[in-house]
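A structural walkthrough
The primary structure of each chain is shown beneath.
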Amino acid sequence: MMQAVVLFGSPGSGKGTQANLLKNCLKVPHISTGDMLREHIRDGNALGVRVAASMQSGNLVRDEVVDQLVEERLAEPDAQAGFILDGYPRTRQQAEHLIGWLDARGIRELVIHLIVDYNVIVTRLTGRRQCPRCGTLYNIVSNPPRVDGVCDLDGQALVIRDDDRESVIRQRLAEYESQSRPLIEFFREKGRRLFEIDASDQTPEALLFQVCRTIKSPAVEG
Ligand code: ADP
């Protein structure tokens, strides 16, 4: 069965961490628009140059750019049995684009909204560290690496993302409130399958258990 999962939630709600765990359980790729955009910036290609300023200031990248990135990624062979979208859609235009794409293919997605308390979000984002090589996320408070400042998986020195500085975090959260949060209502209005899970104070593993149970429940599979 096609497993099309959209992980939705504020920056810092744990979408990336959850998607990374979930991809092993569902055996479908984790598609993160943020990671894809950062990869283009690292490559220094034309697209990377175009999006760098928006990302570094915590603003959203233009819809046309991410719509196209996602569409190209979804056409890859490994996404044909399913996928986990993380960080997309984030605007009404993107949501309409995605719904059109899914409906044209008869694919029924499941949107999972990770609900997290605002204060928890701010703590998480300010303590976040990432491995620049494999993308694994850590948090100095809630999910530290075994050795301080070093990735458990490949020994790389961890970095603070450019957009995890405080003023930028504020801007990212403002973008979420104005552009992305209204999509919850939009998904409901359009009759999409939406599950909301309280993700404020659960370990990633406990949350994964709930998410998997939701995905595999008869109401969802039917
Ligand atoms: P977070 O969810 O913690 O903000 P992401 O890695 O998902 O982190 O996104 C980082 C940045 O990438 C965003 O602030 C935005 O500039 C850009 N971005 C990612 N996904 C999208 C999207 N779907 N639409 C527009 N911009 C995006």
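Everything here concerns the structure above.
A brief structural summary. (Residues numbered from 1 in each chain as written. Predicted model: local features only at pLDDT ≥ 70, side-chain atom pairs only at ≥ 80, totals over all residues. Heavy atoms only, no water.)

**A word on the environment of Cys131**
Assignment of secondary structure puts Cys131 in the loop between β5 (128–130) and β6 (137–139). The exposure class of Cys131 is buried, given its relative accessible area of 2%. Ignoring anything within four residues of it in the chain, the contact list for Cys131 reads Thr136, Cys151, Asp154, Gln156 and Leu158. (Helix = DSSP H or I, 4+ residues; strand = E, 2+ residues; numbered from the N terminus. Buried < 20%, exposed > 50% of the residue type's maximum accessible area, 1.4 Å probe, protein only. Contact = heavy atoms within 4.5 Å.)

**Thoughts on the nonpolar core**
Grouped together as the largest cluster of nonpolar side chains are 32 residues, with contacts concentrated most on Phe8, Leu37, Val51, Val61, Phe83, Leu85 and Phe187. Of all the elements in the fold, those that place two or more residues in this core are β1 (3–8), α2 (33–43), α3 (46–56), α4 (63–74), β3 (82–86), α5 (92–104) and α8 (182–189). Membership of the second largest hydrophobic core comes to 22 residues, among which are Ile121, Ile169, Ala199 and Ile215. (Core = buried A, V, L, I, M, F, W, Y, C linked by side-chain atoms within 4.5 Å.)

**Quick notes on the sheet that holds β3**
A sheet is described by the order of its strands in space; here 5 strands give the open sequence β2-β3-β1-β4-β7, paired in parallel fashion. Only two strands of the sheet have a single neighbouring strand rather than two, namely β2 (30–32) and β7 (193–198). Geometrically, the sheet is characterised by an average inter-axis angle of 20 degrees between neighbouring strands, direction not taken into account. Pairing geometry for β1 and strand β4 (residues 110–115), over 4 bridges, is parallel. If you follow Phe8 over to β4, its bridge partner there is His113. The sheet contacts of α8 involve β1, β4 and β7, and relative to β7 the element is tilted by about 140 degrees. (Pairing = 2+ DSSP bridges. Axes fitted to C-alpha atoms, helices over the stretch in contact; angles between N-to-C directions.)

**Focus: the packing of α4 against α5**
Relative orientation and spacing of two packed helices are given, respectively, by the angle between their axes and the distance between those axes. Put simply, α4 and α5 touch, their axes get as near as 10 Å, and they point 25 degrees apart. Looking at the two axes, α4 sits roughly parallel to α5. Relative to α5, the crossing made by α4 is right-handed. Within the contact between the two elements, α4 uses Asp63, Val66, Asp67, Glu71 and Leu74 and α5 uses Gln93, Gln94, His97 and Trp101. Class assignment of the residues belonging to the contact of α4 with α5 gives a composition of 3 nonpolar, 3 polar and 3 charged. (Parallel < 35°, antiparallel > 145°, perpendicular 65-115°, else oblique. Left-handed = near helix turned anticlockwise from the far one by under 90°. Nonpolar A, V, L, I, M, F, W, Y, C, P; charged D, E, K, R; others polar.)

**So, α5**
Three or four residues apart is the spacing at which side chains of an α-helix point the same way, because the helix has 3.6 residues per turn. With 13 residues, α5 should cover 18 Å at 1.5 Å per step; its first-to-last C-alpha distance of 18 Å lies within 8% of that length. If you check which residues of α5 are buried, you get Gln94, Ala95, Leu98, Ile99, Trp101 and Leu102. Viewed along the axis of α5, the buried residues span an arc of 160 degrees, placing them on a single side of the element. If you follow the buried residues of α5, they end up packed against β1, α4, β3 and α8. One or two steps after α5, the chain reaches Gly106, where phi turns positive at roughly 65 degrees. (Expected span 1.5 Å × (residues − 1). Arc of directions from axis to C-beta.)

**Structural notes on the packing of helix α6 (residues 118–126) against helix α7 (residues 166–180)**
At a minimum axis distance of 11 Å, the contact between α6 and α7 shows a crossing angle of 135 degrees. Accordingly, the angle class assigned to the pair α6 and α7 is oblique. Crossing geometry of α6 relative to α7 is assigned as right-handed. Mapping the contact onto sequence places Tyr118, Ile121, Val122, Leu125 and Thr126 in α6 and Ile169, Arg172 and Leu173 in α7. In terms of residue class, the contact of α6 with α7 is made up of 6 nonpolar, 1 polar and 1 charged.

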